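Take a look at the letters that make up each chain.
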Amino acid sequence: RIADNQLVHSVAHSDFVASNFPDEGVRIYCNGKKVTAGARRSIYEEWGRRVAQELMKERGIADEHSFNLIAWDAVEDAMASFSTGFSTFVTKFVSHFGGTKKMLGNWQDTNKSCPSCGQPNEDMSHITRCQEEGRAQMRTESAHVVAQWLLDTHMDEELVEGFMDYIIAGGTKQLVEVLDEDSVYLDYAEEHYRLGWDCFLEGRISLSLLEIQHNCLHRAVAYMTIKTWSKQFIHHMLCVTHRQWTYRNARTHLKKIEGHTQEDHDRVRNEVRALLAVQPEDLLPAHRHLLQFDAEALGQCSTRDRLLWLNQMESAREAKIASSRWQKQQEKDRRNTSSRRDEEGGLEDRERSNLSKRQRG
């Protein structure tokens, strides 16, 4: 009984005896803490933590202070519960190595603008921030789904409303801006500000949020543990991000009218618009009939017909370029031939003159 009372007192006051005991042959420390369990696991975890911290600092995702605010145990538990496909998506997205326009532009000659809103240099951070109407509507629907789940899991309504407005804003507002001025969650909102929008939408939640929700679950006498709640919350936030990525890819890759994507249709229209400025002298006489068209009809016809006209125009322009190049070469050859003839004629004249002099001598 005395031992039980002392154990309860020690846990309550975090008052424990020193872990250094006499006659220990080896002591291993990781990050200043003595290893009391498996040494290999502890060393691997500490090494992985340092590598992750350096990577996130290098890429501007989280500095040293922000890194220590994140509930990494919860992130690890959540990742372990995901399917292989979803885990792969999360890994590529968090490491900013997804197939965005900016990334594809590193090895392809492609338009780097966002396929939804047209913002230049679309990168991973833009995926959850895009303000295009359809993307904004998708984000609003996702925010309501998250808000309903948070209410079902007993989160304070004030914080639920704050999170919903924050997600709907799509990174244009801070959590501290959508909460009331006298909110009891302002301290958490300041910490959330240091972590930022990307951390939140990529599931890197803070330890403070877990503490807040733990108290909410305790007051509601809920059976859900904070470990289960954190895994599900992280999954919900990543689903918001995944829906944005899926919607974006649907616009980019989904085959629509005539078997082309929306991006294909836009590209064809832009190319047609550019070729409307071609002048008749830019084409050979045999191809100038291609410019005798009804511009309004060309704008209203199918993408297939526009592509046919584009291909004919490109062939006609190439033919004009090839013809000009051939004519220049022919003119160059004529000049060279004339120069050689002049040189040969001059040589013959000199030879006849020399022969005449020898004969007279």
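All figures in this text were calculated on a predicted structure; none of them were measured in a lab.

Below, the discussion takes up the overall build of the chain. Summing up its helical and strand segments, the chain has 16 helices and two strands in all. At a minimum sequence separation of 6, the contacts of the chain that also span at least 24 residues come to 57%. Split by element, the accessible area of the chain, about 23200 Å² in all, is 51% carbon and sulfur.

The end-to-end C-alpha distance of helix α9 (residues 157–169) is 18 Å, a good match for the 18 Å that 13 residues give at a rise of 1.5 Å each. Among the residues of α9, those classed as buried are Leu159, Val160, Gly162, Phe163, Tyr166, Ile167 and Ala169. Just downstream of α9, Gly170 is the residue with a positive phi angle, here 65°.

By the secondary structure assignment, Ser116 is in the loop between α6 (101–104) and α7 (124–127). Given a relative accessible area of 11%, Ser116 falls into the buried group. At 2.9 Å, the side chain of Ser116 forms a polar contact with the side chain of Arg135.

A few words on the packing of aromatic side chains. Counted according to the given criterion, the structure contains 14 aromatic pairs. Between the aromatic rings of Phe86 and Phe89, the centroid separation amounts to 5.9 Å while the plane-to-plane angle is 45°, which identifies the pairing as tilted. With Phe86 and Phe89 both in helix α5 (residues 84–94), this residue pair falls three residues apart, about one helical turn. Neither residue differs from the other here; Phe86 and Phe89 are each classed as buried. Taking 5.1 Å as the distance between ring centres and 25° as the angle between the ring planes, the aromatic pair formed by Phe163 and Phe200 counts as stacked.

The tally for this structure, following the rule as stated, stands at nine salt bridges. Members of the salt-bridge network, linked through shared partners, are Glu331, Arg334 and Arg335.

What follows is about the packing of helix α8 (residues 133–152) against α9. For the pair α8 and α9, interaxial distance at closest approach is 8 Å and the crossing angle is 165°. It follows that α8 is roughly antiparallel to α9 by the angle criterion. Read as a crossing pair, α8 and α9 show a hand that is right-handed. From α8, Arg139, Thr140, Ala143, His144, Val146, Ala147, Leu150 and Leu151 reach across to α9, where they touch Glu157, Val160, Phe163, Met164, Ile167 and Ile168. Tallied by class, residues from the contact of α8 with α9 come to ten nonpolar, two polar and two charged.

Among the secondary structure elements, Thr100 is positioned in the loop between α5 and α6. What makes Thr100 buried here is its relative accessible area of 2%. Within polar-contact distance, the side chain of Thr100 engages the backbone oxygen of Glu122 at 3.3 Å.

Before going further, it helps to spend a moment on the packing of α9 against helix α11 (residues 186–201). Contact pair α9 / α11: the axes reach a minimum separation of 13 Å and the direction vectors enclose 40°. By the angle between their axes, α9 is oblique relative to α11. Judged by the sense of rotation from one axis to the other, the crossing of α9 with α11 is right-handed. In contact with Leu159, Phe163, Tyr166 and Ile167 of α9, α11 contributes Tyr188, His192, Gly196, Trp197 and Phe200. Considered class by class, the residues forming the contact of α9 with α11 number seven nonpolar, two polar and no charged.

Moving on: the nonpolar core. Considering soluble globular proteins, one finds that nonpolar side chains tend to be buried as a cluster. Counting residues in hydrophobic clusters, the biggest one holds 52 residues, and the most contacted among them are Leu150, Phe163, Leu209, Trp229 and Phe233. Elements supplying a minimum of two residues to this core: α4 (72–81), α5, α7, α8, α9, α11, α12 (207–219) and α13 (226–253). For Phe233, the residues in contact, after removing those within four places along its chain, are Trp149, Leu150, Phe200, Ile205 and Leu209. Counting ten residues, the second largest nonpolar core, distinct from the first, contains Leu275, Trp309, Met313 and Ala316.

Averaged over every residue, the pLDDT of the chain is 83; residues scoring 70 or more account for 83%. Mean pLDDT values for the elements of the chain range from 56 in helix α15 (residues 295–300) up to 95 in α9.

The next subject is the state of the cysteines. For the structure on display, the rule yields zero disulfides. Not engaged in a disulfide, the cysteine Cys117 finds its nearest cysteine sulfur in Cys130; these two sulfurs lie 3.7 Å apart. Classification of Cys117 as partly exposed rests on a relative accessible area of 37%.

Cut-offs used in this document
Residues numbered from 1 in each chain as written. Predicted model: local features only at pLDDT ≥ 70, side-chain atom pairs only at ≥ 80, totals over all residues. Heavy atoms only, no water. Helix = DSSP H or I, 4+ residues; strand = E, 2+ residues; numbered from the N terminus. Contact = heavy atoms within 4.5 Å. Areas by Shrake-Rupley, 256 points an atom, 1.4 Å probe, with all protein chains shown as cover. Expected span 1.5 Å × (residues − 1). Buried < 20%, exposed > 50% of the residue type's maximum accessible area, 1.4 Å probe, protein only. Polar contact = N/O pair within 3.5 Å; in protein donor to acceptor, adjacent residues only side chain to side chain. Phe/Tyr/Trp six-rings, centres within 6.5 Å; stacked < 30°, edge-to-face > 60°. Salt bridge = Lys/Arg side-chain N within 4 Å of Asp/Glu carboxyl O. Axes fitted to C-alpha atoms, helices over the stretch in contact; angles between N-to-C directions. Parallel < 35°, antiparallel > 145°, perpendicular 65-115°, else oblique. Left-handed = near helix turned anticlockwise from the far one by under 90°. Nonpolar A, V, L, I, M, F, W, Y, C, P; charged D, E, K, R; others polar. Core = buried A, V, L, I, M, F, W, Y, C linked by side-chain atoms within 4.5 Å. pLDDT = per-residue confidence, 0-100. Disulfide = S-S within 2.5 Å.

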